Amino acid sequence: TAGGSIAIRGRLLWFDADPAEEGEGQAVRYVADGLVVVDNGIIRQVGEASVLLPRLRSETPVVDHRPHLVMPGFIDPHLHMPQTQVIASYGTELMEWLAKYTFPEENRYGDPAVAADGSRFLIDELLASGTTTAGVYCTTHPESVDAFFTEAARRSLRMVAGKVMMDRGAPPALLDTAEIGYQQSKALIRKWHGKGRLDYAITPRFAPTSSDVQLEACEALAVEHPELHIQTHLSENAAEIAFVREAFPWSKDYTEVYERFGLVRPKALFGHCIHLSERERAALAGKGATAVFCPTSNLFLGSGLFDLAAARAAGIKVGLATDIGGGTSYSMLRTAAEAYKVLALQGQKLPAFDAFHMLTAGNAAAMGLDNRIGRIAPGLEADLVVLDTGSTSALRRRMGRVETLEEELFALMTLGDERATVATYAHGHRVYDRSATRAKPLP
Ligand code: GUN
Ligand code: ZN
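Residues numbered from 1 in each chain as written. Chains lettered and ligands numbered in written order. Predicted model: local features only at pLDDT ≥ 70, side-chain atom pairs only at ≥ 80, totals over all residues.

*Asks:* Sorry if this is basic, but what is going on with the pairing of strand S16 (residues 429-433) here?
*Replies:* On any regular strand, side chains alternate: one points to one face of the sheet, the next to the other face. The pairing of strand S15 (residues 421-426) with S16 spans four bridges and is antiparallel. Bridge pairing in S16 places Thr424 opposite Tyr432. Connecting S15 to the next strand, S16, in antiparallel fashion are two residues, including His427 with a positive phi near 50 degrees. (Pairing = 2+ DSSP bridges. Helix = DSSP H or I, 4+ residues; strand = E, 2+ residues; numbered from the N terminus.)

In structure tokens form, the structure reads like this:
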């Protein structure tokens, strides 16, 4: 039902500020026995169960998730819908991986049935992992966007997605043109943007697959729609960067290509950003753009190590994402665990509170959606994940030596995965239930 009330009881955890900036005391909100009261998909009250329960209307159902953690739904700012059958393809770096595995697969997504099936699978997998919002690349086919948004709307999810624009450097069947890409994007914006919880993102795949003329068409879209997200890739791989240097001889670096076409701005999400110069970092920060750290993908494709300390020092907004299917897990817990290791290799740290902040309020801010999602606060949308920190024998064993919430969270991110998801709520609806999944008979 669209309306209705529900109250969710458990160990509440969210972040009202960035613990890396403001310190834990200012940032971390924890209620050991808390209640979230939801009305028509919106969080109305948050607090101690002992205070709120007696005031609850008698008809409001209470779901008791104790002793589990209740957090804001995870947010994944960068992934590719048509790559659920590309994930775990062997033995290549970015440019060969695109040509050998990714482009042939994406070619199938002009078929609405294929796109519907892929969208359904992806969303099932995200919800089972506790992810309620994502920044999603579809394919060049408008049908792929229709399929994805249709499925997202059916589950009442807040999603950001767009049709990939590319007019060169891929098989002809996958290419649009500057004009066609513009017209198709325009039609999809009219059809989907702002419908329910859906937002359209202008999505040039990356500079190597767009001509100057197509990037001008992206610029026109961006100017006509200043409120829209933009999503693309930047500085992931050495061969990619060399290609951009050749293809755009007028540009002093990779970032300047996007700057020239007005694509570096707030709510512009740049995947990877591994091999940036200080000038490029300053440009991203100065224009309020976001860099998206994709650790499992960057390790899997051998792309390099994202320098979080440098990004933060430059003042860039940073998101943390799976990058399915260059990335190797749908789980934001696995993604946080790999982020920790990527940073460890550079002598940097990722405390558990920082990591869980990134998965929730941090990614909401990185996507410019922090007025809607990312915290458990009155007025925000009721997207929640319920997590079991004893979901596996390895976790339960480790918990025997855990003394603080921070230690518990660090063990959860390091050892946990989708098995830790007890339930997922989107807009107040329960959209995933572990007990229902487990009870399913084997096929
Ligand atoms: N750069 C351009 N397209 C892609 C993609 O699909 N995945 C990754 N990881 N990088 C890209
Ligand atoms: Zn990507």
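Back to the text.
*Asks:* In this structure, what is going on with the nonpolar core? I would like to understand it.
*Replies:* Among soluble globular proteins, nonpolar side chains are generally buried collectively. Judged by nonpolar contacts, the single largest core of 143 residues is most densely connected at Val36, Val136, Ala336 and Ala355. Setting aside residues up to four positions removed in sequence, Ala336 forms contacts with Leu320, Ala355, Leu359 and Met413. (Core = buried A, V, L, I, M, F, W, Y, C linked by C-beta atoms within 7 Å. Buried ≥ 20, exposed ≤ 12 C-beta atoms within 10 Å, placed from the backbone. Contact = placed C-beta atoms within 7 Å.)

*Asks:* I tried to follow the sheet that holds strand S14 (residues 384-387) on my own but got confused; where do I start?
*Replies:* Pairing between the strands of a sheet comes from backbone hydrogen bonds, and it takes one of two forms, parallel or antiparallel. Judged by pairing direction, the sheet is mixed, and its seven strands sit side by side in the order S3-S2-S1-S4-S14-S15-S16 without closing on themselves. Two strands lie at the open edges of the sheet, namely strand S3 (42-48) and S16, each paired on one side alone. Between one strand axis and the next, the sheet turns by 35 degrees as a mean value, whatever way the strands run. Sheet topology places S14 next to S15; four bridges connect them, and they run antiparallel. By the bridge assignment for S15, Leu387 is matched with Thr421. Against the sheet, helix H15 (residues 352-366) engages strand S1 (5-15), strand S2 (28-39) and strand S4 (62-72), with an angle of about 135 degrees to S1. (Axes fitted to C-alpha atoms, helices over the stretch in contact; angles between N-to-C directions.)

*Asks:* Please clarify how the site of ligand 1 should be interpreted in this entry.
*Replies:* Contacts to ligand 1 come from His80, Leu94, Leu98, Thr102, Arg205, Phe206, His233, Glu236, Ser297, Asp323 and Gly326. The element contributing the most residues to the shell around ligand 1 is helix H4 (residues 94-106), with three residues. By residue class, the composition of the shell around ligand 1 is three nonpolar, five polar and three charged. (Near = placed C-beta within 6 Å. Nonpolar A, V, L, I, M, F, W, Y, C, P; charged D, E, K, R; others polar.)

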